[in-house]
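In case you want the letters, here they are:
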Amino acid sequence: MLDNLSINKIIYFLHAYYLVQFGRPLVSAKIEAWKLGPVFREVYHSFKGFGDNPITTQATRIDAGTGLSEVCIAVLSHEEESFLRKVAAEYVRLSASQLVTLSHEKGGPWDRVWNHQGRVNSSMRISDEVVLNWYRQSLRH
C-alpha cells in the first residue's frame, strides 16, 4: 500500500511519462514544488487524513454540479492504461525515500523550481513545459 508522499511522486512520474508519450497532460492539476518534491495539492488534501499511513480509499472530489463527494475516475484508452500500468509498475516497488530522491534529481524540474537561482521557492508551480522538456531529454538516454 502507498502513502500520501509516495502517491504524489508516482502520479508525478506517470504525468511526466504520459506527457512525453502522448504529448498532453495526464493530470490537469497544478504541480507544486514542496520540500519533499513535486506535489499535487488536490491529491495531498484528498489523502492527508492518512498521515504517513497507507492509503486505503480512492481519491474523491466534489462534483461542481451537485456539491456531493464522488470517487475520482480516470477515463483512459486501452493504450493509455496499458502504458501507465507499465510505468507505474516500476515506481510502486520503490520506497517513499527512493521516490523523493528520484524527484530531486539535480537539474530536474523540482530542483529547477525549488532551488531557483540558489534561493528556495516553496510551493512554486512546476510547469508541464519544464517537466516535458526534462523527461523528453532524459528518457532518450
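Residues numbered from 1 in each chain as written. Predicted model: local features only at pLDDT ≥ 70, side-chain atom pairs only at ≥ 80, totals over all residues. Heavy atoms only, no water.

Can you help me understand the overall build of the chain in this one?
When helices and strands are counted, the chain shows 6 helices and 5 strands. Shown N-terminal to C-terminal, the secondary structure of the chain runs as helices and strands in the order α-β-β-α-β-β-α-α-α-β-α. Against the 2.2 N^0.38 benchmark of 14 Å for 141 residues, the chain shows a C-alpha radius of gyration of 15 Å, consistent with a compact globule. On the principal axes, the C-alpha backbone points of the chain span a range of 45 × 35 × 30 Å. Within the chain, residue pairs in contact and separated by at least 24 positions form 64% of the contacts whose partners lie at least 6 positions apart. Split by element, the accessible area of the chain, about 8700 Å² in all, is 54% carbon and sulfur. Treating the 16 positive side-chain charges of the chain as one cloud and the 14 negative ones as another, the clouds have centres 6 Å apart. (Helix = DSSP H or I, 4+ residues; strand = E, 2+ residues; numbered from the N terminus. Rg over C-alpha atoms; globule rule 2.2 N^0.38 Å. Contact = heavy atoms within 4.5 Å. Areas by Shrake-Rupley, 256 points an atom, 1.4 Å probe, with all protein chains shown as cover. Lys, Arg positive; Asp, Glu negative; His and termini not counted. Charge placed at Lys NZ, Arg CZ, Asp CG, Glu CD.)

Please explain the environment of Tyr-12 as it appears in this structure.
By secondary structure assignment, the location of Tyr-12 is in helix 1 (residues 4-22). For Tyr-12, a relative accessible area of 0% corresponds to the buried category. Residues Tyr-12 and Thr-101 lie 89 residues apart in sequence; the distance between their C-alpha atoms is 13 Å. Tyr-12 has contacts with Ile-31, Pro-38, Phe-40, Pro-109, Val-131 and Tyr-135, leaving out every residue within four places of it along the chain. (Buried < 20%, exposed > 50% of the residue type's maximum accessible area, 1.4 Å probe, protein only.)

What's the story with the sheet that holds strand 2 (residues 37-40) in this structure? I'm lost.
Strand pairing in a sheet relies on backbone hydrogen bonds, with the paired strands running either antiparallel or parallel. The 3 strands are arranged 2-1-5 in an open sheet whose pairing can be described as antiparallel. Pairing within the sheet leaves two strands with one partner each, and these edge strands are strand 2 and strand 5 (124-126). The sheet shows a mean angle of 50° between the axes of neighbouring strands, taken without regard to direction. (Pairing = 2+ DSSP bridges. Axes fitted to C-alpha atoms, helices over the stretch in contact; angles between N-to-C directions.)

How should the packing of helix 1 against helix 6 (residues 128-139) be read in this particular structure?
Relative placement of two packed helices is described by the angle separating their axes and the distance separating the axes. Contact pair helix 1 / helix 6: the axes reach a minimum separation of 9 Å and the direction vectors enclose 75°. Accordingly, the angle class assigned to the pair helix 1 and helix 6 is roughly perpendicular. Where helix 1 approaches helix 6, its residues Tyr-12, Phe-13, His-15, Ala-16, Tyr-17, Leu-19 and Val-20 are matched on the opposing element by Asp-128, Val-131, Leu-132, Tyr-135, Arg-136 and Leu-139. Across the contact of helix 1 with helix 6, the residue classes tally to 10 nonpolar, 1 polar and 2 charged. (Parallel < 35°, antiparallel > 145°, perpendicular 65-115°, else oblique. Nonpolar A, V, L, I, M, F, W, Y, C, P; charged D, E, K, R; others polar.)

Is there a simple way to explain helix 3 (residues 78-92) in this structure?
It helps to recall that an α-helix has 3.6 residues per turn; residues three or four apart then point in one direction. Between its first and last C-alpha, helix 3 extends 20 Å over 15 residues, near the 21 Å set by a 1.5 Å rise per residue. Looking only at helix 3, the buried set comprises Glu-80, Phe-83, Leu-84, Val-87, Ala-88 and Tyr-91. Projected onto a plane normal to the axis of helix 3, the buried residues spread over an arc of 130° and lie on a single side. Turned more than 90 degrees away from the buried face of helix 3, the exposed residues are His-78, Glu-79, Arg-85 and Lys-86. (Expected span 1.5 Å × (residues − 1). Arc of directions from axis to C-beta.)

Help me understand the packing of aromatic side chains, please; the structure alone is not making it clear to me.
The relation between two aromatic rings is expressed through the spacing of the ring centres and the mutual angle of the planes. Scanning all chains against the criterion turns up 11 aromatic pairs. Measuring from ring centre to ring centre gives 5.3 Å for Tyr-12 and Phe-13, while their planes differ by 65°; the resulting arrangement is edge-to-face. One exposure class covers both Tyr-12 and Phe-13, and it is buried. Seen from their ring centres, Phe-22 and Phe-83 are 5.5 Å apart, and the 90° between their planes marks the pair as edge-to-face. Of this pair, Phe-22 sits in helix 1 while Phe-83 sits in helix 3, placing them 61 residues apart in sequence. (Phe/Tyr/Trp six-rings, centres within 6.5 Å; stacked < 30°, edge-to-face > 60°.)

I would appreciate a short explanation of the layout of surface pockets in the present structure.
By rolling a water-sized probe across the atoms, one finds the places where empty space is left. By volume, the largest pocket amounts to about 1300 Å³. Along the walls of the largest pocket sit 30 residues, with Ile-11, Ala-59, Cys-72, Ile-73 and Ala-74 positioned nearest its centre. Residue assignment for the lining of the largest pocket shows that the elements contributing at least two residues are helix 1, helix 2 (41-47), strand 3 (60-62) and helix 3. Approximately 210 Å³ is the volume attributed to the second largest pocket. Along the walls of the second largest pocket sit 13 residues, with Asn-4, Leu-5, Trp-34, Leu-36 and Tyr-44 positioned nearest its centre. Ranked by residues supplied to the lining of the second largest pocket, first place goes to helix 1 with 4 residues. Among the residues making up the lining of the second largest pocket, the classes are represented as 5 nonpolar, 3 polar and 5 charged. (1 Å grid on protein atoms, 1.4 Å probe; cavity = no way out; pocket = protein on both sides within 12 Å on 5 of 7 lines; lining within 4 Å. Points joined across faces, edges and corners; volume = space filled by probe spheres on them.)

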